[in-house]
Amino acid sequence: MKTFISIALSAIFILADLLAGNLALFPTFTVYCAVVLLIAYGWKYGLAAAIAGGVIIDLIYGHLLAFYGVIFALAAAAAGAIILRGNRQTASIFTGGAFAGLTVSAATALFCRISGGSVPGPDVPSYIVFATGSGGIILILMVILFDFFAVRANLPRCIKNSYNESVSGKNAAIRNRMKNSSRRRR
């Protein structure tokens, strides 16, 4: 089930990246999809989605080097490390998304300048700032949407539900105390 969901989400967001490319925007949706899969299912699903998505986009755009495959994998790994280190809380998800947006947009602008291609938009620095800010918001919205469907399908969630974990931890402590007190009475 995890593999099917990973492939389906990757395909949807690769198509979204291709549509964004037709509108002269840098492709970043595949990276955010890879980060969501990385948080929910682990490193191998996230990095596989990032590399495969990047290579497919490179093939469709006709790049000779697998530029996006490498950049997407690095951005997803760095954003995933930020989010997992931040204990999967909302602030770390925003920071990871912003970092992924910054990494992909800056690397793509640099690649376009080096290869002699045209950079989308008239002002590259303002676009990089826009991609950085919107990256955090887009990733949070994707995580919320993924968690909405994950709860209904009994799949692992991205955002840690700290309230339920703390309540279950307190309940376990209370049960242990009750077991120990009943043993003392005997």
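The structure we're discussing is the one just above.
Let me begin by describing the structure that accompanies this report.

### Description of the packing of helix α2 (residues 29-41) against helix α4 (residues 67-85)
Logical step 1: Between α2 and α4, the shortest axis-to-axis distance is 9 Å and the interhelical angle comes to 45°. Relative to α4, α2 is oriented oblique. The way α2 lies across α4 gives a crossing that is right-handed. Judged by residue contacts, T30, V31, A34, V35, L38 and I39 of α2 engage F72, A75, A76, A79, G80, I83 and L84 from α4.
Logical step 2: Tallied by class, residues from the contact of α2 with α4 come to 11 nonpolar, 2 polar and no charged.

### Focus: a nonpolar patch on the surface
Logical step 1: On the surface, F94, I137, L141 and I144 cluster together to form a nonpolar patch covering roughly 370 Å² of accessible area.
Logical step 2: Mapped onto the elements, I144 comes out in helix α6 (residues 124-152).
Logical step 3: In this structure I144 comes out as partly exposed when scored by relative accessible area, which is 46%.

Cut-offs used in this document
Residues numbered from 1 in each chain as written. Predicted model: local features only at pLDDT ≥ 70, side-chain atom pairs only at ≥ 80, totals over all residues. Heavy atoms only, no water. Axes fitted to C-alpha atoms, helices over the stretch in contact; angles between N-to-C directions. Helix = DSSP H or I, 4+ residues; strand = E, 2+ residues; numbered from the N terminus. Parallel < 35°, antiparallel > 145°, perpendicular 65-115°, else oblique. Left-handed = near helix turned anticlockwise from the far one by under 90°. Contact = heavy atoms within 4.5 Å. Nonpolar A, V, L, I, M, F, W, Y, C, P; charged D, E, K, R; others polar. Patch = residues over 30% accessible without salt bridge, like charges linked within 9 Å, V, L, I, M, F, W, Y side chains within 5 Å. Areas by Shrake-Rupley, 256 points an atom, 1.4 Å probe, with all protein chains shown as cover. Salt bridge = Lys/Arg side-chain N within 4 Å of Asp/Glu carboxyl O. Buried < 20%, exposed > 50% of the residue type's maximum accessible area, 1.4 Å probe, protein only.

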